[in-house]
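If you want the building blocks of each chain, they are given just below.
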Amino acid sequence: MLDTVYLRKKRDVLEEALRKRGYSLDILDELTEIDAKRREVITRANELRAKKNEISKRIGQLRRKGEDASHLMEEAKKYDELLRQLKDEEKEYDRKFWELWAYVPNIPHESVPVGPDESANVVVREWGERREFPFTPKPHWDIAELLGILDWKSASEMSGSRFVTYRGLGARLERALINYFLDTHTKNGYTEIFPPILVKPDALYASGHLPKFHEEMYYINEDDLYLIPTAEASLANLHRGQVIPEDKLPLYYVAYTPCFRREAGSHGRDVRGIIRMHQFNKVELFKYTKPEESYEEHEKMVQDAERILQALGIPYRVVLLSTGDMGFAAAKTYDIEVWAPGLGRWLEASSVSNVEDFQARRANVKLRRKSGKTEYVHMLNGSGLATPRVFIAILENFQQEDGSVVVPEVLRPYVGVEVIRPL
RNA sequence: GGAGAGGUGGCCGAGCGGCCGAAGGCGGCGGCUUGCUAAGCCGUUGAGGGGAGAACAUCCCCUCCGAGGGUUCGAAUCCCUCCCUCUCCGCCA
């Protein structure tokens, strides 16, 4: 959620932001209208309350002196009905205003390329050599089949499509990735967190996933809980309602969690293999920083994620998302895409965003300056990394002609073998 | 799930229905002191909103003591509902 000064005093900045993102400006007119009415009602109600408070105060004074105050009590009662009416109006306008305001996206940082969609994204850098294959590289599903590490049949029977069972060294490789990611990041100063996977609606509201993305998440009606679509949702709630002394910042967190996404509306896309699953594993990075440091920390976070891919030897590229491709809460986002030679395309393995104070405002997380003043912290999130895409990249990049896959050296202690061979 | 206790400012902790935005302490900030010295003294220090205003200066007002309702001229204080925490019991990986 944005600061409302953008609506009142920095309207031009807000309009430009919406235009850049390809959003309609209609919502602003509606908001301005509601806001004007809302403030009018507030002012009237406040004036009335002030009068009534004054009378009540006088009653108290008279009563203490033991004098009669019944005439004043009669007078005070006259305000009741009008006041109740105004209170209802005030609440209604307030509700409408904040409900709508929650649909206004974050303002893109000035360094973000402007464009309608991913075509305007900018490749910032590319790392690693894309290997030349003396044979036609297979897609990961064919390799996994040969190796017997992914079992689609059992998963579809127990859970349906877009679920998979990892088996044998496949399960081991998946666990290896999670452990390797966590171990690396904790060595780099991130505190490991294992958060709840089921969270209440207001937690997702704070993280910015609600109200917009209800359809994307699994919701358990019986208990009014959601399965998290990303650990970001949990980590954004770690310090809800807190005021953090500025010398404690920045805070670095890393969490492994499974992630659950309904993938509503993605039917027919990425149906093969493990590119797009309803349940997947991800190691998430999260930072709470001072506003003046967030962009520097953003760059560092991207590099923390990149280092993993470098150690694994997987070719990747870093892409700066354009205004039209960026997420709702983000002010600036880099995607890290790994090369998948079997598929012949780049796959998003990480998305690293600076949301500035967008989540902090909803989650009410502040920092206290030495001077005593408080202000909202900046929050950053990034995958470090999502396992399925890395899993794919390993199979496809390190496949041999016979279908065997060479395990990257840094993973060998975790996987226990140097090569995963066909059955 | 059952029984009980409790949720107050950055933190701890008082608080008779009016004089409470809230004692006291800690912490922070400013100053003084420098033979009480890993200290002492004095002062100061909540948040959100509306309005006046060129103003992130200042002033006025409103709201906020877990959340939401209610009683009352008046609620941190009384009543109801909900959420959360703690203790005990039950259940359970």
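Report on the accompanying structure.

Each value, and the rule that gives it
- Residues numbered from 1 in each chain as written.
- Chains lettered and ligands numbered in written order.
- Predicted model: local features only at pLDDT ≥ 70, side-chain atom pairs only at ≥ 80, totals over all residues.
- Heavy atoms only, no water.
- Near = heavy atom within 4 Å.
- Polar contact = N/O pair within 3.5 Å; in protein donor to acceptor, adjacent residues only side chain to side chain.
- Helix = DSSP H or I, 4+ residues; strand = E, 2+ residues; numbered from the N terminus.
- Buried < 20%, exposed > 50% of the residue type's maximum accessible area, 1.4 Å probe, protein only.
- Arc of directions from axis to C-beta.
- Contact = heavy atoms within 4.5 Å.
- Pairing = 2+ DSSP bridges.
- Axes fitted to C-alpha atoms, helices over the stretch in contact; angles between N-to-C directions.
- Salt bridge = Lys/Arg side-chain N within 4 Å of Asp/Glu carboxyl O.
- Core = buried A, V, L, I, M, F, W, Y, C linked by side-chain atoms within 4.5 Å.
- Phe/Tyr/Trp six-rings, centres within 6.5 Å; stacked < 30°, edge-to-face > 60°.
- Lys NZ or Arg CZ within 6 Å of the ring centre and 35° of its normal.

## Things to note about the protein's contact with RNA strand B
Here is step 1: If you check the shell around RNA strand B, you find 23 residues, and the closest are Arg8, Thr43, Asn46, Ser56 and Lys91.
Here is step 2: Considering RNA strand B, the proportion of its atoms within 4 Å of the protein that are sugar or phosphate atoms stands at 73%.
Here is step 3: The contact in question runs from a phosphate oxygen of RNA strand B to an N or O atom on the side chain of Arg39, over 3.3 Å.
Here is step 4: Sorting the residues of the surface near RNA strand B by element identifies α3 (26–64), α4 (70–77) and β14 (366–368) as the ones contributing at least two each.
Here is step 5: Here the surface near RNA strand B gets 13 residues from one element, more than from any other, and that element is α3.

## Thoughts on helix α6 (residues 140–147)
Here is step 1: Turning to α6, its buried residues are His140, Trp141, Ile143, Ala144 and Leu147. Projected down its long axis, α6 carries its buried residues within an arc of 160°, all on one side.
Here is step 2: Looking at the buried positions of α6, the neighbouring elements they touch are β2 (150–151), α13 (387–397), β17 (405–406) and β18 (419–420).
Here is step 3: Of the residues flanking the end of α6, it is Gly148, one or two places downstream, whose phi is positive at about 70°.

## What to know about the sheet that holds strand β10 (residues 279–289)
Within a sheet, neighbouring strands are paired by backbone hydrogen bonds and run either parallel or antiparallel to one another.
Here is step 1: A sheet is described by the order of its strands in space; here eight strands give the open sequence β1-β11-β12-β13-β16-β10-β9-β4, paired in mixed fashion. The sheet terminates laterally at β1 (122–127) and β4 (191–193), the two strands that pair on one side only. Here the strands of the sheet are splayed against their neighbours by 25° on average, with no regard to which way each runs.
Here is step 2: Here three bridges tie strand β13 (residues 345–354) to strand β16 (residues 378–386), and the two strands are oriented antiparallel to one another. If you follow Asn354 over to β16, its bridge partner there is Leu380.

## Section: the pattern of salt bridges
Here is step 1: Counted by the stated rule, this structure contains 32 salt bridges.
Here is step 2: Between Arg125 and Glu306 there is a salt bridge, and its shortest N-O distance comes to 2.6 Å. Pair noted here: Arg125 is in strand β1 and Glu306 is in helix α11 (residues 294–312), with a separation of 181 residues, a long-range link.
Here is step 3: Taking relative accessible area as the criterion, Arg125 reaches 29% and is therefore assigned partly exposed.
Here is step 4: Here Lys300 makes a salt bridge to Glu297, at a shortest N to O gap of 3.7 Å. Taken together, the residues span about one helical turn, with Lys300 and Glu297 both in helix α11 at a distance of three residues.
Here is step 5: Among the residues examined, Lys300 registers a relative accessible area of 35% and is labelled partly exposed.

## Some points on the side chain of His298
Here is step 1: Position of His298 relative to the elements: it lies in helix α11.
Here is step 2: For His298, a relative accessible area of 0% gives the class buried.

## What about the nonpolar core?
Here is step 1: One finds Phe181, Ile314, Val390 and Leu411 to be the most contacted residues of the largest nonpolar core, which totals 53 residues.
Here is step 2: What Leu411 contacts, discounting residues up to four positions off in sequence, is Leu173, Ala176, Leu177, Tyr180, Leu312 and Ile394.
Here is step 3: In terms of nonpolar packing, the next biggest core, distinct from the first, is built from 51 residues, Ile59, Leu83, Ile193 and Ala206 among them.

## Here we look at the packing of aromatic side chains
Here is step 1: Summed over all chains, the structure comprises 15 aromatic pairs.
Here is step 2: When the centroid spacing of 5.6 Å and the interplanar angle of 15° are considered together, the rings of Trp127 and Tyr316 count as stacked. Residue Trp127 is located in strand β1, and its partner Tyr316 is located in strand β11 (residues 316–320); the two are separated by 189 residues in the primary sequence.
Here is step 3: A relative accessible area of 30% places Trp127 in the partly exposed class.
Here is step 4: Note on Tyr316: relative accessible area 1%, which makes it buried.
Here is step 5: Their ring planes at 80° and their centres at 5.5 Å tell us that Phe133 and Phe135 sit as a pair that is edge-to-face.
Here is step 6: The buried category is assigned to Phe133, whose relative accessible area is 16%.
Here is step 7: Members of the aromatic cluster, joined through ring pairs, are Phe97, Trp98 and Trp101.
Here is step 8: The ring of Tyr6 carries Lys10 above its face, with NZ or CZ at 5.0 Å from the centroid.
Here is step 9: The ring of Trp339 has Arg130 sitting right over it, with the charged end atom 4.0 Å from the ring centre.

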